[in-house]
Amino acid sequence: MKNKKNNNNGDELLKSGLKKISSLRSGHHAKQPPESTAEFNRGTTPLMKLLREIRNRARQNSKSMANSFRNLTASKIVTLNIEGNSIKLLEVRGKTVKKWARVLFEPGKTGEGNPDKYADLGVAVKKLMNASGINAKNVVFSTSGLNSISRIIPISPETITTPENIRALINETMPLTEEQLYLSWKIINTSDGERQIYITGIVRDEFDSQIRSLKKMGINPGTIEYKPIALSRAVNKKDAIVLNVEPASFDVIIVANSIPTVSHTTPWQPDSLEIADQTERLALTMELSIDFHNSHYPENMLETPPTLYITGKLSADTALIAAIEARTGYNIEPLTIPMEFPPHFPASQYTTNIGLALRGGAQSVNLKNFLAGLNVSLSKKPSNNQTQVSSDDYESLAVNLLPKTFRPWRPTAKQVYTTIALIIAVGLIVPFFQATADAMSKTFSLEAQYNNLNNELERRKAEIKKQEPIQAAINNYKLITSMAGYFTADLEAIYNTAEALGITVLSINHEGQVSSTTQEANDISVNCSASDYLAFREFATALLETGRFTKVTLPEESYPFTTSGIIKVETKATR
């Protein structure tokens, strides 16, 4: 309705301007003094002012129409946050908050006798959706900080960050085991070049109960985020303290260098406490959290006094807020939300939901462009000395904590690409089917010719095989005849060498055989004696030097050294 009204005003202004321009041209204002050239150039004449006003109004109308178009085409995001004894739903489309709803829910009290205290959670959420008109199957989900835990572990640049090594570091740091927690982690790089592992864990039992109850009613929490990260993203400050105060619990989050380094959730019952007691407990918890942060992260110590942002249902309690400011002396800044919303929307009570909606993985709008073009605050703009940070700082911690056991099966990129490639391949094969059939027909013809030639070849091989025994006998005879001459030459070489060295050959024994198929080496045993052991050894060396033998073996020696015995000589296998 607002955009339609602006468009009507623009049309009326345009018509009025055209009438005035027409009257100026027709001389209705001839009685007025002529306008000087200098006034016209400066744009101070009534005509120029009118044209400028028409142009500005047209720009406003076009910008309004563009925003309306973006809101209509933007995807819907529904966030679900369970805060102790309340359920909060928020529907966001594009940059605009559309609907919100809240209902009280006491875990374990709606299902009498049921050991699962979250058994009726899905029913309560479904009823709230039906009553508010916020219907969605997929939601971005965040549970209470009482069911989760986080740690930051600094690591050196050379540390090998395999899953096994990270689990070993977690086991040394976390007070609970993987049997009790669903663990997720993200490796982040600090501004000084160091690396850290940001670890989050969700208690398995209560988390499983919540997810099963939601899925039973057809509600799929496809994305689950750690609550302190969602709050830090909504606050969107580099260094800050976030105090999220709810009727059943309160959270203290220390944000340093865009990372929620310390997050502490405490159950409480504020209705049973006076404002002074409530204030003291909140202030003391914040002071302890700051001391813990400063002692563990001295390189990122918070300024004094730190900037404090208060969110949650009790942030509307002005008396409590004033008491906290007086007790702590902290500078309490109003919250700035980068969204458009109705004036009566209690944004500070839905800060967690807003942080979930701003999650980069949950919407298509880039938050960096979001912040650059829009700055809508709850009450007033932030102070000039407070730096807003890029969404990339918080998106580095945007990890989906939903365990794989609860995630629906989705094809991987590799599977999608493989399927597409198969479809394309099939499409390419079909046009060539006829060509393939022709090629197969030719192949069968060639195969028949090959079989005929192969049969003829086998017949001729059989004939050749019949002639092989005769040819083998002839070859064996030739080999024996030729080898006999070689044996005679071997014996002659042995006797000549022995005679030259004064060795007495007592006997020579030949071993081995020669056939047409195997030409084995032949061994000759020479029984001889010498005047001393040196001549005996020299005889063996001289036999090798004749070139007719491949190996000469002396008998084993022991003191006194051998002067006689059998020397084995191995002849060459092939002549």
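Residues numbered from 1 in each chain as written. Predicted model: local features only at pLDDT ≥ 70, side-chain atom pairs only at ≥ 80, totals over all residues. Heavy atoms only, no water.

Draft legend 1. Quick look at the side chain of Ser 150. You can see Ser 150 is positioned in strand β5 (residues 148–155). Here Ser 150 falls in the buried class, since its relative accessible area comes to 10%. A distance of 3.1 Å separates a polar atom in the side chain of Ser 150 from a polar atom in the side chain of Tyr 226. Among the polar contacts made by the side chain of Ser 150, one reaches the side chain of Ser 263 at a distance of 3.3 Å. Non-local contacts of Ser 150, meaning those with residues more than four positions away in its chain, are made with Tyr 198, Ile 199, Thr 200, Tyr 226 and Ser 263. (Helix = DSSP H or I, 4+ residues; strand = E, 2+ residues; numbered from the N terminus. Buried < 20%, exposed > 50% of the residue type's maximum accessible area, 1.4 Å probe, protein only. Polar contact = N/O pair within 3.5 Å; in protein donor to acceptor, adjacent residues only side chain to side chain. Contact = heavy atoms within 4.5 Å.)

Draft legend 2. Looking closely at the packing of helix α4 (residues 121–132) against helix α6 (residues 204–216). One way to put it is that α4 packs onto α6 with a least axis distance of 7 Å and a crossing angle of 50 degrees. Between α4 and α6, the angle is such that the two are oblique. Between α4 and α6 lies a crossing of right-handed hand. Residue-level contacts link Leu 121, Gly 122 and Val 125 of α4 to Gln 210, Ser 213 and Leu 214 of α6. Among the residues making up the contact of α4 with α6, the classes are represented as three nonpolar, three polar and no charged. (Axes fitted to C-alpha atoms, helices over the stretch in contact; angles between N-to-C directions. Parallel < 35°, antiparallel > 145°, perpendicular 65-115°, else oblique. Left-handed = near helix turned anticlockwise from the far one by under 90°. Nonpolar A, V, L, I, M, F, W, Y, C, P; charged D, E, K, R; others polar.)

Draft legend 3. Representation of the sheet that holds β5 within the structure. Taken in spatial order, the three strands of this open sheet run β5-β7-β6, and their pairing is antiparallel. Only two strands of the sheet have a single neighbouring strand rather than two, namely β5 and β6 (181–189). Adjacent strand axes in the sheet meet at a mean angle of 20 degrees, parallel and antiparallel pairs treated alike. Bridge count between β6 and strand β7 (residues 195–203): nine bridges; the pairing is antiparallel. Bridge pairing in β7 places Asn 189 opposite Arg 195. Sitting on the sheet, helix α5 (residues 163–173) is in contact with β5, β6 and β7, with an inclination near 110 degrees to β6. (Pairing = 2+ DSSP bridges.)

Draft legend 4. Representation of helix α8 (residues 275–296) in the model. The terminal C-alpha atoms of α8 lie 32 Å apart, and with 22 residues this matches the ideal 32 Å at 1.5 Å per residue to within 8%. Listing the buried residues of α8 in full gives Gln 278, Thr 279, Leu 282, Ala 283, Thr 285, Met 286, Ser 289, Ile 290, His 293 and Asn 294. The buried side chains of α8 occupy one side of the element, clustering within an arc of 165 degrees when seen end-on. Projecting away from the buried face of α8 at angles above 90 degrees are the exposed residues Ala 276, Leu 288 and Ser 295. Structurally, α8 contributes buried residues whose contacts are with β9 (240–245), β10 (249–256), β11 (259–267), β12 (307–311) and α9 (318–328). (Expected span 1.5 Å × (residues − 1). Arc of directions from axis to C-beta.)

Draft legend 5. Summary view of the packing of α8 against α9. It is at 9 Å that the axes of α8 and α9 come closest, and there the two elements cross at 50 degrees. In terms of orientation, α8 lies oblique with respect to α9. The two elements α8 and α9 meet at a crossing, and its hand is right-handed. Within the contact between the two elements, α8 uses Ile 275, Gln 278, Thr 279, Glu 280, Leu 282, Ala 283, Met 286 and Glu 287 and α9 uses Ala 319, Leu 320, Ala 323, Ile 324, Arg 327 and Thr 328. Along the lines of polarity and charge, the residues of the contact of α8 with α9 split into eight nonpolar, three polar and three charged.

Draft legend 6. Spatial organisation of the packing of aromatic side chains. Inspection of the entire model under this criterion finds six aromatic pairs. Aromatic side chains Tyr 182 and Phe 207 sit 5.7 Å apart centroid to centroid with 70 degrees between the ring planes, which places their arrangement in the edge-to-face category. Of the two residues, Tyr 182 is situated in strand β6 and Phe 207 in helix α6; the sequence distance between them amounts to 25 residues. The pair formed by Tyr 182 and Phe 207 is uniform in burial state, with each residue classed as buried. Among the aromatic residues, those joined into a ring-pair cluster are Trp 100, Phe 341, Phe 345 and Tyr 350. The ring of Tyr 350 has Lys 88 sitting right over it, with the charged end atom 5.7 Å from the ring centre. Across the ring face of Phe 561, the terminal group of Arg 537 is positioned such that the distance to the ring centre comes to 5.2 Å. (Phe/Tyr/Trp six-rings, centres within 6.5 Å; stacked < 30°, edge-to-face > 60°. Lys NZ or Arg CZ within 6 Å of the ring centre and 35° of its normal.)

The values reported here are purely geometric and, on their own, carry no functional implication.
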